[in-house]
Structures are given as structure tokens and as C-alpha cells.
Amino acid sequence: MSETRSETWIILGATSSMARAFARLKAEQGARLLLAGRDMAELRRLAGDMRLRGASEAEALTFDARNPATFAPVIERAEAGGGMISAAIFVGSMPEQAVIDADPALIEGVVADSFTGPARFLQMLAPAMEARGGGTVVGVGSVAGDRGRLGNYVYGAAKAGFATYLSGLRNRLGREGVHVLTVKPGFVDTAMTWGLEGMFLVASPEAVAASIERAVAKRKNTLYTPFFWRWIMLIIRLIPEPLFKRLSI
Amino acid sequence: MRWKETDYAGWGRVLSAHGRMARPEKLAALKAVLAEAPAPAIGNRRSYNDAPLNSGGAVIDMTRLDRILSFDAQEGLLEAEAGIEIGEVARLFAPRGWLPTVMPGTGRATLGGCIAQDVHGKSHHQDGSFGQHVESVTLLQGERRVSASPTRNKGLFRATMGGLGQTGVILSAKIRLTPCPGTMVRVTESRAENWDEFIALLDRSTAPYVVGWIDATARGAAMGRGILEEGELSPTLEPWPKGARRVPLDAPSFALASPVVKLFNAAYYKRVPAEGRVRERPIADFFFPLDKIHDWNRLYGKRGFYQFQCVVPPGEVEALRAIMARIAESAMASPLAVLKRMGPGRAGLMSFPMEGYTLALDFPARKGAEALIRTLQQMALEAGGRLYLAKDALADGETIRAMYPEHGEWAAICERADPARALETDLTRRLGLRSTT
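Criteria and cut-off values
Residues numbered from 1 in each chain as written. Chains lettered and ligands numbered in written order. Predicted model: local features only at pLDDT ≥ 70, side-chain atom pairs only at ≥ 80, totals over all residues. Helix = DSSP H or I, 4+ residues; strand = E, 2+ residues; numbered from the N terminus. Rg over C-alpha atoms; globule rule 2.2 N^0.38 Å. Buried ≥ 20, exposed ≤ 12 C-beta atoms within 10 Å, placed from the backbone. Contact = placed C-beta atoms within 7 Å. Nonpolar A, V, L, I, M, F, W, Y, C, P; charged D, E, K, R; others polar. Core = buried A, V, L, I, M, F, W, Y, C linked by C-beta atoms within 7 Å. Pairing = 2+ DSSP bridges. Arc of directions from axis to C-beta.

Points about the overall build of chain A
- The secondary structure content of chain A amounts to 9 helices and 7 strands.
- A compact globule built from 249 residues should have a C-alpha radius of gyration of about 18 Å, and chain A, at 18 Å, falls within 12% of that.
- Projecting the C-alpha coordinates of chain A onto the three principal axes gives extents of approximately 60 × 40 × 30 Å.
- For chain A, the proportion of its 249 residues judged to be buried stands at 46%.
- For chain A, the share of sequence-separated contacts (at least 6 apart) that also reach a separation of at least 24 residues comes to 68%.

Thoughts on the overall build of chain B
- Scanning chain B for helices and strands turns up 13 helices and 20 strands.
- Against the 2.2 N^0.38 benchmark of 22 Å for 437 residues, chain B shows a C-alpha radius of gyration of 21 Å, consistent with a compact globule.
- Along the first, second and third principal axes, the C-alpha set of chain B runs to 60 × 50 × 45 Å.
- The burial tally for chain B puts 55% of its 437 residues in the buried class.
- Sequence-distant contacts, at least 24 apart, represent 76% of the contacts inside chain B between residues at least 6 apart.

Brief notes about unusual backbone geometry
- Cis geometry is adopted by the peptide bond preceding proline 226 of chain A, which originates at threonine 225 of chain A and carries an omega value of -10°.
- Position of proline 226 of chain A relative to the elements: it lies in the loop between strand 7 (222-225) and helix 8 (229-238).
- Backbone geometry places aspartate 118 of chain B, a non-glycine residue, at a positive phi of 35°.
- Relative to the helices and strands, aspartate 118 of chain B resides in the loop between helix 3 (111-116) and helix 4 (124-127).
- Its identity is not glycine, yet arginine 421 of chain B carries a phi of approximately 55°, on the positive side.
- Relative to the assigned elements, arginine 421 of chain B resides in the loop between helix 12 (407-417) and helix 13 (426-430).

Some details on the interface of chain B and chain A
- Each side of the interface is counted separately: chain B has 14 residues, and chain A has 13 residues.
- Ranked by residue count, the leading element in the side of chain B that touches chain A is strand 5 (residues 68-72) of chain B, at 3 residues.
- Looking at side-chain class alone, the side of chain B that touches chain A contains 7 nonpolar, no polar and 7 charged residues.

Overview of the nonpolar core
- Core analysis: the biggest nonpolar cluster contains 136 residues, and Ile60, Ala90, Ile115, Ile170, Tyr306, Leu361 and Phe363 of chain B have the highest contact counts within it.
- Residues in contact with isoleucine 60 of chain B, not counting those within four places in the same chain, are Ala22, Pro24, Val33, Ala39, Ala41, Ile42 and Val169 of chain B.
- Membership of the second largest hydrophobic core comes to 70 residues, among which are Ile11, Ala14, Leu43 and Val110 of chain A.

A short note on the pairing of strand 8 (residues 134-141) of chain B
Residue and element names in this part refer to chain B.
- Alignment of strand 8 against strand 10 (residues 169-179), held across 6 bridges, turns out to be antiparallel. Looking at the pairing, valine 137 lines up with alanine 173 of strand 10.
- Hairpin remark: strand 8 followed by strand 9 (residues 144-148), antiparallel, with 2 residues in the connecting loop; positive phi at glycine 142, about 65°.

A look at the sheet that holds strand 15 (residues 277-282) of chain B
Residues and elements named next belong to chain B.
- Pairing is antiparallel in the open sheet, where 8 strands are placed in the order 15-11-13-12-18-19-17-20. Each end of this open sheet is capped by a strand with a single partner; those strands are strand 15 and strand 20 (386-387).
- Bridge count between strand 17 (residues 305-312) and strand 19 (residues 356-364): 8 bridges; the pairing is antiparallel. Note that in strand 19 the partner of valine 311 across the bridge is threonine 358.

Looking at the environment of alanine 347 of chain B
Residue and element names in this part refer to chain B.
- Structurally, alanine 347 is set in the loop between strand 18 (337-342) and strand 19.
- On a C-alpha basis, the gap between alanine 347 and alanine 369 in space is 32 Å, while along the polypeptide they are 22 residues apart.
- If we ignore the near neighbours within four places in the chain, the residues touching alanine 347 are Asp118, Ser129, Gly131, Gln132, Val134, Met161 and Gly162.

Concerning the sheet that holds strand 1 (residues 4-9) of chain B
All names here are of chain B.
- Spatially, 4 strands are ordered 1-2-4-3 in an open sheet, and the strand pairing comes out mixed. Looking at the sheet topology across the chains shown, the edges are occupied by strand 1 and strand 3 (41-42).
- Of the pairings in the sheet, the one linking strand 3 to strand 4 (residues 58-61) comprises 2 bridges and is parallel in character. Bridge pairing links alanine 41 to isoleucine 60 in strand 4.

Some thoughts on the pairing of strand 13 (residues 226-234) of chain B
All names here are of chain B.
- Where burial is concerned, most of strand 13 is hidden: 7 out of the 9 residues are buried.
- Relative to strand 13, strand 11 (residues 184-192) is paired through 9 bridges, and the arrangement is antiparallel. The partner of serine 190 across the bridge, within strand 13, is leucine 228.

Notes on helix 2 (residues 86-93) of chain B
All names here are of chain B.
- Most of helix 2 sits out of view: 6 of its 8 residues are buried.
- Among the residues making up helix 2, those that are buried are Ile86, Gly87, Val89, Ala90, Leu92 and Phe93.
- Looking at the buried side of helix 2, the elements it contacts are strand 6 (77-81), strand 7 (98-100), helix 3, strand 10 and helix 8 (283-287).

Describing the environment of glutamate 370 of chain B
- Its location among the elements puts glutamate 370 of chain B in helix 10 (residues 369-382).
- In the structure, glutamate 370 of chain B is positioned 268 residues away from valine 102 of chain B in sequence and 31 Å away in space, judged by C-alpha atoms.

A look at helix 3 (residues 71-80) of chain A
Residues and elements named next belong to chain A.
- Looking at helix 3, one finds that the buried residues are Phe71, Val74 and Ala78. On an axial view of helix 3, the arc spanned by its buried residues comes to 70°, and they lie on one face. Residues of helix 3 that are exposed and point over 90 degrees away from its buried face: Ala72, Glu76 and Ala80.
- Buried residues in helix 3 make contact with strand 1 (8-12), strand 2 (32-37), strand 3 (57-62), strand 4 (85-89) and helix 5 (106-132).
- Looking one or two residues past helix 3, glycine 82 carries a phi angle of roughly 85°, positive in sign.

Pasting the structure below:
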């Protein structure tokens, strides 16, 4: 019907509230959505919602960051759309640091969810995006990746690894017209942070999604959201290590 | 599921609660919460009173369960999860030619909330209440899933519409939308110089959407003056207006002191020329005028405010005039005062609407407000009228039961649906509503 095929957006970790808000913005623009995650019943419900909000197509697909066998089918479905391909990565997991301290084996899962899983997926997807000469990768990291802290340094380390990976990917894909945006949200009002102590200046998932959308349009490289986290993290990064190691922030 | 220990309040902020709150984002998470501890479900807490509160207990915030489940573009039938906001439904579907048939004064009310209070809108005189356009509702009673409609599980359906969430957690509902040619409303504004003229204008109006703003500070010959707004949907298509402004902090108490309100009201009244005017306004602006200011309840300061809303039968217009005169004398009302006609339409046993006239006003929570509202309640009762359970924060159980003759039947159905009374709220406890005797 339309002259140009609609853009396909792969949404990894689509059942999170931030991903849902972002996918809804894309749905209202008529994008073709591939909603990938582990909870298929939930993803199907979400796909229906996206179609009724204007998505030209919305499909629920299995994606498990810890199971690379689930990666290729998602990429195949993206290529089947025939249009530009973009991907937004919202996966990640954050067990409490104390839980990891008690069971160090959990580190592998955290790193797979927040770093190696999505990195391997993007590595597989990259050639298809290069071939099309366009599209955007939105990689959601965290301000926690900017400096290792007492409270969540395993999660932070995984997100730091992902951020470094995204910077390299940007370096590579930028040459072919593919844009890579690294997003570093501060505290967002999601199921992950619900009821946690010490939260402040909490942003809604809708506000974060809208800021991602604007950053994609402006082809920004790194987005701190809400914006003031750029300054908060600048200060935190500037604290000298001899002092920082004694702090509990 | 993680619980959050928190302080929370209804929209009026004068009543608040402390307790545990869950906010499931997935259906599976909601089921896990209910398996652990059944608790009343709440939405955006746009009820002014203690209807969405459970002091010391738990509540389930449903706002993240807001998916659209199906839409029949031929019949205008929309099925969605309870957490979706009614203004969001309007925003998404008006450009496609459909609008919720009944929309309350705020678009931030959730689908579940609209059902639990069987809300009414500016078209009540012709469209009836929200629940009359609900085709079916799905409830979770503990781990049991039950559906009800006007033809299946009829009793449960009538107990659920306006049922204050006492028959089970409202999970989703299917509602009938109304055809909508554009995204604008053609609004005719006329001045009413006094009470009699206002009532005459209301009685004469044939418009589909009608609402009156009344100057609650005007006394003497001008008592009851105000502006009548009559709207009809227009075929004009314009982009939906963008987000709202915020109220950054609680206003100081002098912001709504009597001389300020008097000045504001006089200016607001004169803004409409004596001969009236006609203009086109976006649907959102006409139906949800206050949503343009996010958190406007903070304008009433830290102590919050009461809203008094009653409806009296058509023959009791003099009693309503006496209520209005009593308010004008008190000089305690805020600028937000609404007078409307109401038709007989109601969907549930505990629904507020009855044929007649309804008056709604805000009173900042300050000295004398409670005593005044109690007097007004008594006057409404004597006129054979009724108080709205989305608003009332001060009545006693005896008064409310006298106003809601089907209460006994309702309480009996709730008892079967929720025998452990796990869904009780501060409101139902204050008024003893779940008592079947």
C-alpha cells in the first residue's frame, strides 16, 4: 500500500515499562514492531496493544539474553520486513549486590543480561544494518556504569562493558550511516526500582521514552536522562579514587 | 512482587493513608500479588476522598496494566485493561472517529476507576452513566476470574458498576464508544445572571454536552450567576493538545482566600461577553479543563480540600437554591463550582446519578469547612438527594444508607464476591458499607 515499507523496530526486553513506553511512541508512528522477550503471554498482549495504537505490524518473539539460540530468529523476522531495521535494547537485570555477594555465580547471568547477550545479538544484527545503510541502535545502559560503587558494582560493571561496546559499535556502524545512541537513565519509576530505598528525582518511563525519541531524531551519541544526570555523574566521576573508595554513595 | 511502604492520598489530599502498595506491570505479577494477599485495586486516585485508601493495609496500583486488548472499528467496541486512562482512550481513538460515550471531568481517571464509581459526564442527561456503556467486565476474585455483563451474572454486574471495587479486582472491560466526527468541540457559552436564569437555561438546553460553572461567591440578586457551556462534537480535525503544566509546590493558604476567589470569579464571569460567544475547542480542553494543570490539587495547599457534590430530584430545585445560598453566605467556596442537569441513567446498585440537578464545589480544608459541609449534607438528605461516593469525605453511614436504597442488595452481593472482606477501603469502613444488616 504505502510506497516505502515501514521501518522495523526490534525491541529487546519489550515487557519492561521503559520499553513499552518507547514502543508505543513507535507504534503511533506506524512502525513495524518486533517485541522480544521471555514472557510470551505478556508479549502477545503487548503486541495486540501496539497494533491497536497504530503499529503497522507487531509480533511477539522469544528472546533470552542467556540463550543465543533465540537470537537468529529475531534477526530473520527483522529482515523479512524489507525496510530499514532499528533496534532498541532494554534488557538487563539487577539483583541486589548483597544477593550476588552471597552467590557469586549470579555474576554470569547479570553480565549476560546486561552486556554479553545484547552485544552478541547486535554483533549478529550489524551486517544487516550496514547493508541497508541506515537505522538506529538504541542501547540502554545505566548511570551505574559510569563508576563502580559499593551498592551495585556488578550490575554497574556489566553496564559499563555494554557502554564501551556501544561506543565501538558506533565507531564501526557510523561509517555506513547507522546511528548508535547510548542511553544512560538515572532513576526511573519501573518495577525494578519500585519500593527501593534512597530513590530521588525519579523519572516516569514515558518521559524517558520521549527523551530517547528526541535523541534518536537529533542523532545524539550519548543521552543522560533526565538530563541532570550528566552533571551528577560528572561530579561522581571527578571524585578522586582515594576519597571515593571510602564513600558509600 | 515487591511492596512499597508509602503515604498516599485521594485527590483532595485531606484524607491520606499509610500502607503497602504493589504496582504490577504484568498480568502474572498481578496474579502473584493476589495469591499472596488479596487487596483493593486503585487507579490514579482521582476520587477526592478515601475511596482509594486502605490505611494500614495493602492496595494494588493498577495503572501499569493499561493495554488495549481489542477494538471493533465497525461497532466502536473497545476492550482494555483497567489501568488505561480515559483521556488516553480519547486521544487515541478520537482521530479514528470514536470517543468514550461518557467521560468524567478528568481524563486521568482510569477505566477501572470510571467503573468503580460509575462516573457521569457532561452528557449524562442523554447518555446516562459510564456503566451503561460497559458491555462486559472481567474481575479477579482472588485467583478466580469472573466475567459479568448486563445479561450474564447480572447481579454481579450491577454490584460492580459504581461498586467501589468491592466485587473483585477489575482487570479489564469492554466499553461502547460513540461516533466522533473530529477532534474539536463547538462550544457555546452564555451568561446566566442569577440562579433562576441558570436553571431556566439548563432546562431549555438541547445540546448533547452541557456543563455550568457557577460563581459560588455571588450573593443577593446575583446569587447563582454563572456561565453555561453547551458543546457539540465538531468535524474539525486538529492535532491533540500536548502535555500539561505543573504546579511545582503547594500553594500558600492566602491563594484561595475569599477576596481572591471573589475577584477571580468576577473576572472569570465577565470573560464571556453578555451576548455569549461560540468557539471551537479541542476535545481535551472542553472535557478535561483542569488536566492542563498537572497536580492542580496542590493549589489548595498542604491541608488539601473537600469536594461536596450532591444531586437532588427535579422537584427540589428550591432546596438546591437554599444550598447554594448557604454556600454563598459562607464565603468559603473555591472558584471550582459546577452545576449540571442529570438524567435518570445509572448502571449499578450504588451509582450516584438520579434525575435532577447536581452541584459540585471545592472547599479548602480550613476552619468551618467541615461544619458547613455537614449542614449541606443534611440539606441534601432532606431534599431526597444523594451524595457522591467519589467525593464524600465527611458523611456517616446512616446518611449514606438512607440515600442509597439498594445498598442492602449490593452489600449482599459483595459478601458473596469477597467473603473475607479483603477489598474493604477506608471509605467502606468509615461508612460501614459492607455491613449487610
